[in-house]
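Examining the three-dimensional arrangement
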Amino acid sequence: MAGERPRRPTPAEPRRADVLEALEPVTDPELDRSIVDLEYVDSVEIGDDGSHVAVRITLPTAWCSPAFAWMMAVDARDAIEALPAVETATITLGEHMHEAEINRGVNDGLRFGEAFPDADGDVAGVRAELDEKARVARQYDAVEALLEAGFAPDQIVALRKRDLEEGGDEVVVYLHERAVGVFVPADPLERYLEKACETGVVSGPDDVLFRTPEGEPIAPDEFDLVHRRGRLARVNMSTQGGVCAGLHEARQQRLEESTDD
Amino acid sequence: MYHQDGEDVFVIDGHVHLWDASEENITHQGGEEFIQCFYDYHTTFTPEERQWDLDEEYRQYGAERMVTDLFENAAVDMAIFQPTYLTDFYDEGFNTTEQNAELALEYPERFVLNGSFDPRDGEPGLEYLEELHETYDLKGVKVYTAEWRGESKGWRLDDEEAFEFLEKCVELGIENIHPHKGPTIRPLNRDAFDVKDVDDAASSFPDLNFVVEHVGLPRLDDFCWIAGQEPNVYGGLAVAAPFAQNRPGKFSEIMSELLWWLGEDRLLFGSDYALWNPDWLVETVMEAELTPEHRAEYGVEWDIETKQKVMGENAAELYDIDLEERKRQFREDEITEAFGLEDHYAGEPAAADD
């Protein structure tokens, strides 16, 4: 725009990078990966005074579960609206077979059951199930990190929340009534703890840290099987991630080709 | 037949369709979305130079090309039809037993024809199943729990109504139940294709075999856990197989998990034709290898004996197919003559030390 001086945002107004940063923790619930990293976010538009932000999202296929799409859209809306200076966020899901219901429902603040009257249950149940799977997959990574650091299975299954102490890039894990502390990479343990608390399997300091997929403490002789199930959950997620990534790419290509025509 | 390391591998493609997604047959937006979604899967996993054109080659390919693709261009010896009705989306249905019968009746030794049922059809549905069985002597059915039917967006295999149909299967001797439990298409929240309903059905009907198509993806974890406890649960590899093409490391990991949880006797190869064409897929899966890390970690092998089972012997076992007898028949059947396959079935390969 010739002659027009670009307006400088005031410090409180979000920039594109702030919006993307806010969206980073929003995950595809099935893959437990960020929608930003998965490149589902097509565009970010920030209104003049920064009080309104519009985001466009495209999922890998038109058939992506409406419940999953709904969760991502709602989470994206809430994450952006939590930014200072932002009053409203509009989420536009494109190229989805239920985009009309989802866009209207999310932007009008409806509940899932109101947007989809013939849905047979609430979205909360689906979310809880996927969160549980994400917890199991993250547990695998956390336990791998502990095994790597030299912990034995019976030590791992006995760990309680109070045995962990944050320490920057590493977490100190205490053994033998705090007589011994071992440094372990923080990321897998913190990611696990975050989901374990979110799903409610771990809350108080005395709670046993690691659980079976059903949420029970792990008996030492079932450690291997439970760990295998965690591995399986991890494999399932990354497999599905592979499918989604492939479909995403195929779809982008098809859409580009049809625009070129 | 495929040949590897001096061994014959009899290939039964456990999952094929003869479908019609031509524009004239589509009656609902879902029909168009469905074939587009299939096409995305097709282009995602098919090597670029082997991809088909959506409108010219993919919506509808016809019986003749199917025979050529399976038996001339690919090393497939037999194939099992798995119907997918979708009559709310397609005027004549997408891929019905009757449509598949066109080919299955023409080459009865080469094809196994499966039927289908939908418990929401009630009494007429039970009659239809009986009629299908009388006409085609069914040994199996494919069931699509996510199919739309009017207001309904799906059903469960552990519903009371579904159990009536499974009882009918026992009564008729239809032993192989193939629930599609794969990538999602059903809308709404209790997202379809959830594999958990197989658990109760499988333990309630120990005389039936449940071949979970697409190994439950994207619920491989639920599937393996259920299959680990139910000995009559099998895994159909359609959709998992093409990972061998563009994500070989992931294929190795999936196969290692499956072999660890289910073992080599309960997995069945399937191309999902025409989603993927066995002409490249059979070879790709046969040539695939498990990574040394996975072999060590899981203690499983993808060796020639395992491949022989998964590519054909396991399906033969479920469908009472005598492989030696078939090979004898195939020395001079119509397909063999048409495509010059005599060498394939010529008998024991020379005691070759190759």
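Residues numbered from 1 in each chain as written. Chains lettered and ligands numbered in written order. Predicted model: local features only at pLDDT ≥ 70, side-chain atom pairs only at ≥ 80, totals over all residues. Heavy atoms only, no water.

Attention shifts here to the overall build of chain B. Secondary structure assignment for chain B yields 15 helices and ten strands. Relative to the compact-globule value of 20 Å for 354 residues, chain B shows a C-alpha radius of gyration of 19 Å, a close match. Across its three principal axes, chain B shows a C-alpha extent of roughly 60 × 45 × 40 Å. The buried share of chain B, taken over its 354 residues, is 64%. In chain B, the proportion of contacts linking residues at least 24 apart, taken out of those at least 6 apart, comes to 76%. Carbon and sulfur atoms form 42% of the exposed surface of chain B, whose accessible area is close to 13,200 Å². Across chain B, the mean location of the 26 positive side-chain charges is 5 Å away from that of the 84 negative side-chain charges. (Helix = DSSP H or I, 4+ residues; strand = E, 2+ residues; numbered from the N terminus. Rg over C-alpha atoms; globule rule 2.2 N^0.38 Å. Buried < 20%, exposed > 50% of the residue type's maximum accessible area, 1.4 Å probe, protein only. Contact = heavy atoms within 4.5 Å. Areas by Shrake-Rupley, 256 points an atom, 1.4 Å probe, with all protein chains shown as cover. Lys, Arg positive; Asp, Glu negative; His and termini not counted. Charge placed at Lys NZ, Arg CZ, Asp CG, Glu CD.)

Now for the interface of chain A and chain B. If you look at the interface, chain A gives 41 residues, while chain B gives 43 residues. Across the interface of chain A and chain B, roughly 3,700 Å² is buried in total on both sides, 57% from carbon and sulfur atoms. One can count five salt bridges joining chain A with chain B. Put simply, Glu129 of chain A and Lys196 of chain B hold a salt bridge, and the shortest N to O gap is 2.7 Å. Counting every contact that joins chain A to chain B gives twelve residue pairs in polar contact (both at pLDDT 80 or more). For the side of chain A that touches chain B, the secondary-structure elements that each account for two or more residues are helix H2 (66-81), helix H5 (123-148) and helix H8 (223-260) of chain A. Considering each element in turn, the side of chain A that touches chain B owes the most residues, 19 residues, to H8 of chain A. Among the residues forming the side of chain A that touches chain B, the class breakdown is 20 nonpolar, nine polar and twelve charged. (Buried area = accessible area lost by both parts, 1.4 Å probe. Salt bridge = Lys/Arg side-chain N within 4 Å of Asp/Glu carboxyl O. Polar contact = N/O pair within 3.5 Å; in protein donor to acceptor, adjacent residues only side chain to side chain. Nonpolar A, V, L, I, M, F, W, Y, C, P; charged D, E, K, R; others polar.)

What follows deals with the pairing of strand E8 (residues 180-185) of chain A. All names here are of chain A. Strand direction decides the pairing type here: strand E7 (residues 170-175) and E8, joined by six bridges, are antiparallel. Counted as the bridge partner of Val173 is Val182 from E8. Where E7 hands over to E8, the hairpin turn is made up of four residues, of which His176 adopts a positive phi near 50°. (Pairing = 2+ DSSP bridges.)

To continue, consider unusual backbone geometry. Following Leu217 of chain B, the chain continues into Pro218 of chain B via a peptide bond in cis, with omega recorded as 10°. Note on placement: Pro218 of chain B falls in the loop between strand E8 (209-213) and helix H8 (220-229). The residue after Tyr273 of chain B, namely Ala274 of chain B, is reached through a cis peptide bond having omega 10°. Mapped onto the elements of the fold, Ala274 of chain B is located in the loop between strand E10 (267-268) and helix H11 (278-287). Unusually for a residue other than glycine, Ala85 of chain A sits at a positive phi of about 80°. Looking at where Ala85 of chain A falls in the secondary structure, it is placed in the loop between H2 and strand E5 (88-94). Taking the relative accessible area as the measure of exposure, Ala85 of chain A reaches 36% and is therefore partly exposed.

Residues and elements named next belong to chain A. Spatially, E6-E7-E8 is the arrangement adopted by the three strands of the open sheet, whose pairing is antiparallel. The sheet is open, and its two edges are formed by strand E6 (164-167) and E8, each paired on a single side. When strand polarity is set aside, the average angle formed by the axes of neighbouring strands in this sheet is 30°. The sheet strands contacting helix H7 (residues 186-198) are E6, E7 and E8, and the helix crosses E8 at an angle near 90°. (Axes fitted to C-alpha atoms, helices over the stretch in contact; angles between N-to-C directions.)

Moving on, we get to the packing of aromatic side chains. Evaluation of the coordinates by the stated rule reveals 30 aromatic pairs over all chains. Arranged with centres 4.9 Å apart and planes meeting at 35°, the rings of Phe112 of chain A and Phe116 of chain A form a pair that is tilted. By the burial criterion, Phe112 of chain A is buried, and Phe116 of chain A matches it. The rings of Trp19, Phe34, Phe38, Tyr39, Trp52, Tyr58, Tyr61, Tyr90, Phe94 and Tyr273 of chain B are connected pair by pair, giving a single aromatic cluster. Cation over ring: Arg110 of chain B sits above Phe71 of chain B, and NZ or CZ is 5.3 Å from the ring centre. It is Arg110 of chain B that lies over the ring of Phe330 of chain B; its NZ or CZ is 3.7 Å from the centre. (Phe/Tyr/Trp six-rings, centres within 6.5 Å; stacked < 30°, edge-to-face > 60°. Lys NZ or Arg CZ within 6 Å of the ring centre and 35° of its normal.)

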